[in-house]
Amino acid sequence: MALRIPLRKVTIIAERVLRDDLITLIKERGASGWTLTMVEGEGSRGIRASEWEGRNIQIDTLVSSEVAETIMDEVGRRYFKDWSVIVYVADVEVLRKDKYIG
Amino acid sequence: MNALTDNLISPVVLCFVLGIAARWIKSDLAVPEPLYQGLSIYLLLAIGLKGGSALAVTPGGDLILPGAVTLALGIITPVSAFFLMRRCGRLGVEDAAAVAAHYGSVSVVTFLAAVEAVKRTGVELEGFLPALVAVLEVPGIIVALLFANQAGTGKGSWKKALHEVVTGKSIVLLLGGLLIGWACGPQKLEDVQPFFATAFKGALCIFMIELGLAAGKRLRDAGRAGLRLLILGCIIPVLHGVLGVSAGLLAGLSPGGAAVLGAMAGSASYIAAPAAVRVALPGANPAYYLTLALGITFPFNLAFGIPLFQTLANHFSLWL
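A quick note: this is a predicted structure, and the numbers were derived from the prediction, not measured.

Calculation criteria
- Positions within a chain are numbered from 1, following the residues in the order the chain's sequence is written.
- Here every chain gets a letter starting at A, and every ligand a number starting at 1, in the order they are written.
- Thresholds applied to this predicted model are a pLDDT of at least 70 for local features of residues and 80 or more for the giving and counting of side-chain atom pairs; totals over whole chains, interfaces and linings are not thresholded and use all residues.
- Hydrogens are left out, water is left out, and the side-chain values use all remaining heavy atoms of the structure.
- Here a helix means four or more residues in a row that DSSP labels H or I, a strand means two or more in a row labelled E, and each is numbered from the N terminus.
- Note on classification: 1.4 Å probe, protein chains only; a residue is buried when its accessible area is under 20% of the maximum for its type, exposed when over 50%, partly exposed between these limits.
- By definition, residues are in contact when any of their heavy atoms lie within 4.5 Å.
- Method for areas: the Shrake-Rupley scheme with a 1.4 Å probe, in which residue coverage is limited to the protein chains shown.
- Every residue carries a pLDDT, the predictor's confidence in it, which falls somewhere between 0 and 100.
- We treat Lys and Arg as the positive residues and Asp and Glu as the negative residues; His and chain ends play no part in the count.
- Counted as salt bridges are all cases of a side-chain nitrogen of Lys or Arg within 4 Å of a carboxyl oxygen of Asp or Glu.
- Any two strands with at least two DSSP-identified bridges between them are counted as paired.
- In this description, a line fitted to the C-alpha atoms serves as the axis of each element, helices being fitted only across the stretch in contact, and the angle between N-to-C directions of two axes falls anywhere from 0 to 180 degrees.
- Residues enter patches when their relative accessible area tops 30% and they take part in no salt bridge; the joining distance is 9 Å for like charges and 5 Å for the nonpolar side chains Val, Leu, Ile, Met, Phe, Trp and Tyr.
- If an angle is under 35 degrees, it is roughly parallel; if it is over 145, roughly antiparallel; if it lies from 65 to 115, roughly perpendicular; otherwise it is oblique.
- Ten residue types, Ala, Val, Leu, Ile, Met, Phe, Trp, Tyr, Cys and Pro, are classed as nonpolar, four, Asp, Glu, Lys and Arg, as charged, and the remainder, Gly among them, as polar.
- We call Phe, Tyr and Trp rings a pair once their centres come within 6.5 Å, taking the six-membered ring for Trp, and we label the pair stacked below 30 degrees between planes, edge-to-face above 60, and tilted otherwise.

Further remarks concern the overall build of chain A. A count of helices and strands for chain A gives two helices and four strands. In chain A, the succession of α and β elements from N to C terminus is β-α-β-β-α-β. Split into buried and exposed, the 102 residues of chain A put 40% on the buried side. Contacts spanning at least 24 positions in sequence make up 78% of the contacts within chain A whose residues lie at least 6 apart. Here chain A displays about 6000 Å² of accessible surface, and carbon together with sulfur accounts for 49% of that area.

Take a look at the structure:
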């Protein structure tokens, strides 16, 4: 069986207007790639600017635990106050570790 | 009274009502997002092309005055909306600036509804009016954001917001369509007319259903916004509309054209402005600006504003 390496998956779910900002942010902090999906959901913020212009975005990125920490700190610092954003991290196992950690 | 009922009983307005009704009865009706996006591209480009082909046959001198008064309206309306929201609406600087950005900009669909209403009465209209929509779209948002910036509350990214407004799809498609239409002229555009002109009103009807669905949701929030804002949402369009009608007539527009300019000035943007405001003023509450623009002012203009501006334009034109 191929060798599986533990990594962290950071997931950010946010308003669509933040798309470009968030992608820049995670790349600056050391993520080498990301996956974006359009999602729907409901949370603590009732009313949303983007709610009739479309859905929310979910960005997933696989990174080392240090990078995961800095991404989460930065997202919290920049966006939690005024924006609809959630961020969480999960343990995952990957093949080909070199793809994610440069 | 006749103009009022005639304005209400039209496919475009009734489709909007259908959307609101569907939301109220909790129907599963939803316009899929790609369709809505596709329709908005179609409508904006069609408007641009039509205006552009009219520009091609309009002497440049005829455009200077209408263009100048439209620009002036784009600067005055956000200022008056800002102070009304501060003084009478008792909103904070950030919220007032956010609302002002919406009233300073223009609602393309209100423009279309006004054009349709004027055409139904058999009155002639200037073909270059879509060019004025493009002029009115941007300055209002910038002026309003300046208020927040000056007060130091605009903590969002100013540069990004500006980029959002100037490169947003509505301005790119409108200006692009105007340029293409102007470069090609009416004759070359005949090839694309079957697509862009014949189906236009039908496409607008489907777009109106989606707007009705969105407005229906906002109408529920209207109660929570409070009576003060509800009243302001009806007074501001009348105030700006009267200003627009008068300015249009003074600039030499026909009564029909002046009525449409009034509807443009009295309208509140809900496509370009919300995106820019969300970026520039993240602390402003969308419940205020979206409810006012989409839930109150847009239906108000559809039902009462447009016929009022038509009547005013006809009366004022006799005095001038």
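Bringing the confidence of the model for chain B into the picture now. Confidence along chain B averages 89 in pLDDT terms, with 97% of residues attaining 70 or more. In the model of chain B, helix α1 (residues 2-8) of chain B stands out as the element of lowest mean pLDDT, 74, in contrast to helix α14 (residues 255-266) of chain B, which has the highest, 96.

All names here are of chain B. Tracing the sequence through the fold places E137 in helix α7 (residues 129-137). No salt bridge is formed by the buried E137, whose closest oppositely charged neighbour, K169, lies at an N-O distance of 10 Å. Apart from the residues within four sequence positions on either side, E137 is in contact with S105, V106, V108, S170, I171, L174 and A272.

Reading fine detail from the predicted coordinates is not recommended where pLDDT is low. Put simply, chain A has an average pLDDT of 87, and 89% of its residues get 70 or more. Mean pLDDT values over the elements of chain A span from 92, in strand β2 (residues 35-39) of chain A, up to 95, in strand β4 (residues 85-94) of chain A.

Residue and element names in this part refer to chain A. With antiparallel pairing, four strands are arranged side by side in an open sheet as β2-β3-β1-β4. Looking at the sheet topology across the chains shown, the edges are occupied by β2 and β4. Within this sheet the neighbouring strands show an average axis-to-axis angle of 20°, counted without direction. Note: strand β1 (residues 5-14) against β4, 10 bridges, orientation antiparallel. Looking at β4, one finds that K9 is bridged to A90. Each of β1, β2 and β3 (56-63) is contacted by helix α1 (residues 19-28), which is oriented at about 5° to β3, the strand it contacts most. The strands touched by helix α2 (residues 65-79) within the sheet are β1, β3 and β4, with β1 carrying the most contacts at an inclination of about 15°.

With that settled, consider the pattern of salt bridges. Side chains that differ in charge, positive against negative, can pair when their charged atoms come close. Residues and elements named next belong to chain A. For the coordinates displayed, the defined rule picks out 10 salt bridges over all chains. Its salt-bridge partner being E93, residue R4 comes within 3.3 Å of it at the nearest N-O pair. With a gap of 89 residues between them, R4 in the segment before β1 and E93 in strand β4 connect regions that are remote in the sequence. The salt bridge involving D82 is made with K81; its shortest N-O contact spans 3.6 Å. Classification of D82 as buried rests on a relative accessible area of 13%.

Our next topic: a nonpolar patch on the surface. Residues and elements named next belong to chain B. Together, L227, L230, I231, I235 and L239 give the surface a local cluster of nonpolar side chains, amounting to about 440 Å² of exposed area. By secondary structure assignment, the location of L239 is in helix α13 (residues 227-250). Among the residues examined, L239 registers a relative accessible area of 44% and is labelled partly exposed.

Take the pairing of β1 of chain A next. As judged from the seven bridges shared by β1 of chain A and β3 of chain A, these two strands associate in the antiparallel manner. Looking at the pairing, V10 of chain A lines up with T61 of chain A of β3 of chain A.

Residues and elements named next belong to chain B. Summarising the element assignment, A222 is placed in helix α12 (residues 200-225). With a relative accessible area of 8%, A222 lands in the buried category. In sequence terms A222 and L14 are 208 residues apart; their C-alpha atoms lie 21 Å from each other. Here A222 is in contact with L230, T291 and I296, once residues within four sequence places are set aside.

Next up on the list: the packing of helix α5 (residues 93-104) of chain B against helix α8 (residues 139-150) of chain B. In a pair of packed helices, the angle between the axes and the distance between the axes together describe the arrangement. All names here are of chain B. One can describe the packing of α5 onto α8 by two numbers: an axis separation of 7 Å at closest approach and a directional angle of 170°. What the angle tells us is that α5 and α8 run roughly antiparallel. Side by side, α5 and α8 meet where V93, A97, A100, A101 and G104 of the first sit next to G140, I141, A144, F147 and A148 of the second. In terms of residue class, the contact of α5 with α8 is made up of eight nonpolar, two polar and no charged.

Glancing now at helix α15 (residues 272-280) of chain B. Burial of α15 of chain B is extensive: nine of the nine residues sit out of reach of the surface. Considered for burial, the residues of α15 of chain B that qualify are A272, A273, P274, A275, A276, V277, R278, V279 and A280 of chain B.

A few words on the packing of aromatic side chains. Counted according to the given criterion, the structure contains 13 aromatic pairs over all chains. Ring geometry for Y79 of chain A and W83 of chain A: centres 6.4 Å apart, planes at 75°, overall edge-to-face. On the basis of relative accessible area, Y79 of chain A is assigned to the buried category, the value being 5%. Among the residues examined, W83 of chain A registers a relative accessible area of 8% and is labelled buried. Centre to centre, the rings of Y42 of chain B and F196 of chain B are 5.6 Å apart; their planes meet at 15°, and the pair counts as stacked. Here the residue Y42 of chain B occupies a position in helix α3 (residues 33-56), and F196 of chain B occupies one in helix α11 (residues 193-198), the gap between them amounting to 154 residues. Grouping aromatic residues by their ring pairs yields a cluster made of Y42, F195, F196 and F200 of chain B.

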